[in-house]
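Each chain, letter by letter, is given below.
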Amino acid sequence: DAKTTQPPSMDCAEGRAANLPCNHSTISGNEYVYWYRQIHSQGPQYIIHGLKNNETNEMASLIITEDRKSSTLILPHATLRDTAVYYCIVTRDSGGSNYKLTFGKGTLLTVNP
Amino acid sequence: DAGVIQSPRHEVTEMGQEVTLRCKPISGHNSLFWYRQTMMRGLELLIYFNNNVPIDDSGMPEDRFSAKMPNASFSTLKIQPSEPRDSAVYFCASSGHGSLHFGNGTRLTVT
């Protein structure tokens, strides 16, 4: 699976958009970009994933560049409860089971009041 | 849906003792995963089951670790004998045909 690079930490003001970048320059054509987050003392939580097109759900938006070498997770209106470590993961989605999820160190997003 | 249920939430034991961690996956999910998280190594995949069968156990650190899934609604991770370096948070996750759903983990401390 392709390796990802994320900034170790970011700050965001409450109510503002949080834009979390991820670099995956070695991504292959059949690899998906997944985002998970981990709030303190909890298990990781799925946020969103995509292959080529931009994706949006009730939690966030995922913007993938045309060359697919980088992506940005957008939390449109960050709240204090969004403070967490955000993981960007690239993996082949084999048979609908993304079992080879390799978690890096992620980005610690701190939302400030 | 209650989500993935792990027990106990916290376990403190002495070196050399046997430790058993338990997991109940989400009903209907056919894949189950055990992860371990430490500050030094982050989240590591230990073993993965599909339809109750172990598929990939390459992440299991050594023979002291074993995992079973006797049926679709229950799995155990056993450490025998336990050592201080096994201290970590152990997560169980399950999946149907999409994303992984994690439990809230078991924090294991081996003294």
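The coordinates are above.
Residues numbered from 1 in each chain as written. Chains lettered and ligands numbered in written order. Predicted model: local features only at pLDDT ≥ 70, side-chain atom pairs only at ≥ 80, totals over all residues. Heavy atoms only, no water.

Draft legend 1. The arrangement of the interface of chain A and chain B in detail. On the chain B side, the residues contacting the 17 residues of chain A number 20 residues. Counting the surface lost from both chain A and chain B, the interface buries some 1400 Å², and carbon and sulfur atoms represent 49% of this. The interface formed by chain A and chain B holds zero salt bridges in total. Viewed at the interface, chain B and chain A are joined by three residue pairs in polar contact (both at pLDDT 80 or more). Along the lines of polarity and charge, the residues of the side of chain A that touches chain B split into seven nonpolar, eight polar and two charged. (Contact = heavy atoms within 4.5 Å. Buried area = accessible area lost by both parts, 1.4 Å probe. Salt bridge = Lys/Arg side-chain N within 4 Å of Asp/Glu carboxyl O. Polar contact = N/O pair within 3.5 Å; in protein donor to acceptor, adjacent residues only side chain to side chain. Nonpolar A, V, L, I, M, F, W, Y, C, P; charged D, E, K, R; others polar.)

Draft legend 2. Local environment of the side chain of Ser75 of chain B. Residue and element names in this part refer to chain B. Topologically, Ser75 is positioned in strand β8 (residues 74-79). Judged by its relative accessible area of 0%, Ser75 falls in the buried class. Within the structure, the side chain of Ser75 is placed 2.8 Å from the backbone oxygen of Lys68, a separation counted as a polar contact. With near-sequence residues (within four places) excluded, Ser75 lies in contact with Leu21, Arg22, Cys23, Leu32, Trp34, Phe49, Lys68 and Met69. (Helix = DSSP H or I, 4+ residues; strand = E, 2+ residues; numbered from the N terminus. Buried < 20%, exposed > 50% of the residue type's maximum accessible area, 1.4 Å probe, protein only.)

Draft legend 3. How the structure looks around the state of the cysteines. Residue and element names in this part refer to chain A. According to the stated counting rule, one finds two disulfides over all chains in the structure shown. Between the sulfur atoms of Cys22 and its disulfide partner Cys88 the distance amounts to 2.1 Å. Residues Cys22 and Cys88 share a disulfide whose torsion about the S-S bond is about -80°; that sign makes it left-handed. Taken together, the positions of Cys22 in strand β2 (residues 18-23) and Cys88 in strand β8 (residues 84-92) put the pair 66 residues apart, joining distant regions of the chain. Cys88 carries the same exposure label as Cys22, and that label is buried. (Disulfide = S-S within 2.5 Å.)

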